[in-house]
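Architecture and fold: a report
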Amino acid sequence: MTVSHAPPGSSESGAPGTSAAAEHLVRPQPSPEPVPIVPRSARRSRFPRRLRRTFGPLLLLALWQLLGDTGVLASAVLAPPGTIARVGAGLITDGSLPNAMAVSLQRVAVGLLLGTVVGTGLALVSGLFRVGEDLVDASVQMLRTVPFVGLIPLFIIWFGIGEAPKIAVITMGVSFPLYLNVYAGIRGVDSQLIEAGESLGLSRWGLVRHVVLPGALPGAMTGLRYSLGVAWLALVFAEQINADAGIGFLMVQARDFLRTDVIVVCLIVYAFLGLLADSVVRFLERLLLQWRPTFTGR
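In this report, we go over the structure that sits alongside the text. Small disclaimer: the values here were computed from a predicted structure and weren't measured. (Residues numbered from 1 in each chain as written. Predicted model: local features only at pLDDT ≥ 70, side-chain atom pairs only at ≥ 80, totals over all residues. Heavy atoms only, no water.)

Moving on, we get to the overall build of the protein chain. Along its length, the protein chain carries eleven helices and zero strands. Helices (α) and strands (β) of the protein chain occur, in sequence order from the N terminus, as α-α-α-α-α-α-α-α-α-α-α. Across the protein chain, contacts joining residues at least 24 apart in sequence account for 71% of those joining residues at least 6 apart. (Helix = DSSP H or I, 4+ residues; strand = E, 2+ residues; numbered from the N terminus. Contact = heavy atoms within 4.5 Å.)

Right, dumping it as structure tokens:
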């Protein structure tokens, strides 16, 4: 019996290099380097987002100025932006606009504070307790359907023509959006989270503090943003009640003298104050709701 030994580099059939080729095929190839996938929402655009957000208003102002310069839009109907800027600078220089802003901001702040306390308090009573819901919710829903502007004559009879009816109008306008959103946020908390808290031994106050209130916080912030818009709207009506100071008082005077430029200046101030207040609330949302991942657009 003869045993033949094949030389290295040749197969049993005598084909040289066959085993080497087989080893090359079996040997694992190095894997390519992984390429990181960047989400589309995280990619940087050619233009910064702040620049894109200001492009629309600037284009609108340019079109407005062009219509005013060509005479298509008469100054008696609507003054051009250049005239409005000069008038606004004059109102700031003589101090009338800063004083009016201070008075209006004070009214909004007091009305917003009272409305937040009333609306949130009623929502907590109605949302946390079934008895509270039976006693409070139906009455609030009926009052919510009544236009708060229609209550101005009653407020004048009850509180006179001073600051009280103005603040009462703002308070009424602020309370209902906060009530609806806080109530919906409380009742929208997942029942499984409540059961999990109970299984961990949380008391009723512990459930409210650690589960219900954090779950209702997004709805409360949404209600606060909406309430701020209603507060400025209510202020416009409130400052028509025999006001002797404030932005609304400047608008009433400008209406009597057919000054559309002053009226537009006051409207721009309303808009910027509302935008500033909304920015503050959005900052609070980012600060208080860091635990909640949200979609930021693509």
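For the rest of this paragraph, the subject is the pattern of salt bridges. Under the criterion given, the structure shown has five salt bridges. The partner of E133 in a salt bridge is R187, with the nearest N and O atoms 3.0 Å apart. Placement of E133 in helix α5 (residues 130–144) and of R187 in helix α7 (residues 163–187) is noted, with a sequence separation of 54 residues between them. Judged by its relative accessible area of 22%, E133 falls in the partly exposed class. R259 is the salt-bridge partner of D261, the closest N and O atoms lying 3.1 Å from each other. Here D261 falls in the buried class, since its relative accessible area comes to 10%. (Salt bridge = Lys/Arg side-chain N within 4 Å of Asp/Glu carboxyl O. Buried < 20%, exposed > 50% of the residue type's maximum accessible area, 1.4 Å probe, protein only.)

A few words on the side chain of T260. Within the element layout of this structure, T260 appears in helix α11 (residues 260–288). Discounting residues that sit within four places of it in the chain, T260 has contacts with S75, A76, V77, L78 and A79.

Ranked by internal contacts, the top residues of the largest apolar core, which has 53 residues, are V169, W232 and I247. When residues of this core are traced back to their parent elements, those giving at least two are α3 (81–93), α4 (96–128), α5, α6 (152–159), α7, α9 (204–238), α10 (247–256) and α11. For this core, the element with the highest residue contribution is α9, accounting for twelve residues. Among all residues touching V169, those that are not within four sequence positions of it are F148, I152, F155, A234 and A238. (Core = buried A, V, L, I, M, F, W, Y, C linked by side-chain atoms within 4.5 Å.)

Position of L135 among the secondary structure elements: in helix α5. For the pair L135 and V125, spaced ten residues apart in sequence, the C-alpha to C-alpha distance is 9.3 Å.

Looking now at unusual backbone geometry. Peptide bonds are trans in most cases, and residues, glycine excluded, mostly fall at negative phi. Positive phi values are uncommon outside glycine, yet L258 reaches one of about 55°. Structurally, the position occupied by L258 is in the loop between α10 and α11.

So, on to the environment of V118. Within the secondary structure layout, V118 lies in helix α4. C-alpha separation for the pair V118 and S175, spaced 57 residues apart in sequence, amounts to 6.1 Å.

With respect to the secondary-structure elements, K166 resides in helix α7. There is no salt bridge for the buried K166, and the closest opposite charge comes from E163, which lies 4.7 Å off by N-O distance. There is a polar contact of 2.8 Å between the side chain of K166 and the backbone oxygen of G162. Non-local contacts of K166, meaning those with residues more than four positions away in its chain, are made with R107, I161, A238, I241, N242 and A243. (Lys, Arg positive; Asp, Glu negative; His and termini not counted. Polar contact = N/O pair within 3.5 Å; in protein donor to acceptor, adjacent residues only side chain to side chain.)

With that settled, the discussion passes to the packing of aromatic side chains. Applying the stated criterion across every chain yields a total of five aromatic pairs. Centre to centre, the rings of F155 and W158 are 6.0 Å apart; their planes meet at 55°, and the pair counts as tilted. Taken together, the positions of F155 and W158, both in helix α6 and three residues apart, correspond to about one turn of that helix. Judged by centre distance (6.4 Å) and plane angle (70°), the rings of W232 and Y270 are edge-to-face. With W232 in helix α9 and Y270 in helix α11, this residue pair connects regions lying 38 residues apart in the sequence. (Phe/Tyr/Trp six-rings, centres within 6.5 Å; stacked < 30°, edge-to-face > 60°.)

Attention now moves to the environment of M251. Mapped onto the elements of the fold, M251 is located in helix α10. For M251, a relative accessible area of 15% gives the class buried. Residues M251 and Q240 lie eleven residues apart in sequence; the distance between their C-alpha atoms is 9.2 Å. Among all residues touching M251, those that are not within four sequence positions of it are I263, C266, L267 and Y270.

A surface patch of nonpolar side chains, amounting to about 540 Å² of accessible area, comprises L276, V280, F283, L284, L287 and L288. Looking at the secondary structure, you find L287 in helix α11. (Patch = residues over 30% accessible without salt bridge, like charges linked within 9 Å, V, L, I, M, F, W, Y side chains within 5 Å. Areas by Shrake-Rupley, 256 points an atom, 1.4 Å probe, with all protein chains shown as cover.)

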